[in-house]
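Structure at a glance
Given next are the chains, with one letter for each unit.
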Amino acid sequence: FKDAPCSGTSLATLAEGFEDLARKLESGDDDLRLDAFSYACSLVSVLFGCLGIAFKFAEIEYVSKVDELYEASKTYDTLKNVLDYDVEQDTVKKPGSHSRHLRRVRLGLDLIKALFKQFLLSNDNSLREAASTAYAQTCAPFHPWAVRKAVGAGMYALPTREQLMLNLNETDDSIQKEMTRYIIASSSIIDYIDNLYTSRNISLDW
Ligand code: 1PZ
């Protein structure tokens, strides 16, 4: 995943990646390819460099799951193939299964979406409120106590809003534009993934 074509900032590349996926769905292709999906997910990496050392474990956690899904794309063409295989084997929620990884990566995409939304709602120079709210809305309900505690502690080490914009090489206007693009595009991908589970009678309470 190292050589992403870069037409603008990395945040623009991230937004583009998810818009590409969303366009595929819009054009009536409802069988998303796993390689294309994991490529878009890998573009999130731009954010990790900006978060500081406290979130190194979030990076390791997220990246290893995306990498594993990319490896799986050599065996399974599409997201549906992954779900169908795990349903058949009764391994959807099994630790380490592709369907479980997909669910976890989807949590990460939703966290970023919520974070961008909070970022756009407030002018606070500290990102702690925005990040805490986003985490509470998305991942926290599915994380054990120890993980929630560690994330809470890491929130004190976040960069400021100004530092984040500087790191991402964005202005007030451009960051608003790119975050909005990601929020819209990722929403349809998140809904699509949720539907893969619910349409197979798998609840989303895990
Ligand atoms: C400025 C932005 C600040 C946002 C900070 C939010 C940080 C969230 C940190 C999340 C840490 C996840 C730690 C590990 C969780 C694991 O217990 C679970 C279960 O894994 P399994 O049992 O299936 O092996 N893993 C997950 O839920 C994956 C969630 C990935 C979240 C990655 C964060 C992505 C992006 C943040 C970047 C802005």
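Before reading further, recall that the structure is shown in the block above.
In short, a report on the structure. Source: prediction; values computed, not measured.

**Topic: the pattern of salt bridges**
On inspection of all chains with the given rule, the structure shows 12 salt bridges. Salt-bridge contacts for E19 lead to R181; the nearest nitrogen and oxygen are separated by 2.7 Å. Placement of E19 in helix α1 (residues 10-26) and of R181 in helix α10 (residues 172-198) is noted, with a sequence separation of 162 residues between them. A relative accessible area of 21% means that E19 is categorised as partly exposed. If you follow the salt bridges from partner to partner, you end up with E19, K177, E178 and R181 in one network.

**What about the packing of aromatic side chains?**
Considering all chains together, one arrives at 6 aromatic pairs under this definition. Ring geometry for F55 versus F57: centroids 6.4 Å apart, planes at 20°, classification stacked. Looking at R161, its charged tip hangs above the ring of F119, at a distance of 4.0 Å from the centre.

**Notes on helix α7 (residues 128-138)**
All buried positions along α7 are accounted for by A130, A131, A134, Y135 and T138. For α7, the angular spread of buried residues about the axis comes to 125°, placing them on one side. Taken together, the buried residues of α7 touch α6 (98-121) and α8 (145-154).

**Section: the site of the ligand**
The immediate surroundings of the ligand are formed by 19 residues, with E61, K65, R100, R104 and H143 found nearest. At a separation of 2.6 Å, a nitrogen atom of the ligand approaches a polar side-chain atom of E61. Note that an oxygen atom of the ligand is positioned 2.6 Å from one of the side-chain N or O atoms of R100. Out of a free accessible area of 860 Å², the ligand has 89% covered by protein chains. The set of elements that each furnish at least two residues to the shell around the ligand consists of α3 (45-51), α4 (56-72), α6 and α8. With 6 residues, α6 is the largest single contributor of residues to the shell around the ligand. Counted by class, the shell around the ligand contains 14 nonpolar, 1 polar and 4 charged residues.

**Topic: the packing of α4 against α6**
Two quantities define a packed helix pair, namely the angle between the axes and the distance from one axis to the other. Their axes nearest at 9 Å, the elements α4 and α6 cross at an angle of 130°. It follows that α4 is oblique to α6 by the angle criterion. Viewed along their axes, α4 and α6 form a crossing whose handedness is left-handed. Where α4 abuts α6, its residues Y62, K65, V66, E68, L69 and A72 lie against H98, H101, L102, R104, V105, G108 and L109. Considering only residue class, the contact of α4 with α6 consists of 7 nonpolar, 3 polar and 3 charged.

What counts as what
Residues numbered from 1 in each chain as written. Predicted model: local features only at pLDDT ≥ 70, side-chain atom pairs only at ≥ 80, totals over all residues. Heavy atoms only, no water. Salt bridge = Lys/Arg side-chain N within 4 Å of Asp/Glu carboxyl O. Helix = DSSP H or I, 4+ residues; strand = E, 2+ residues; numbered from the N terminus. Buried < 20%, exposed > 50% of the residue type's maximum accessible area, 1.4 Å probe, protein only. Phe/Tyr/Trp six-rings, centres within 6.5 Å; stacked < 30°, edge-to-face > 60°. Lys NZ or Arg CZ within 6 Å of the ring centre and 35° of its normal. Arc of directions from axis to C-beta. Contact = heavy atoms within 4.5 Å. Near = heavy atom within 4 Å. Polar contact = N/O pair within 3.5 Å; in protein donor to acceptor, adjacent residues only side chain to side chain. Areas by Shrake-Rupley, 256 points an atom, 1.4 Å probe, with all protein chains shown as cover. Nonpolar A, V, L, I, M, F, W, Y, C, P; charged D, E, K, R; others polar. Axes fitted to C-alpha atoms, helices over the stretch in contact; angles between N-to-C directions. Parallel < 35°, antiparallel > 145°, perpendicular 65-115°, else oblique. Left-handed = near helix turned anticlockwise from the far one by under 90°.

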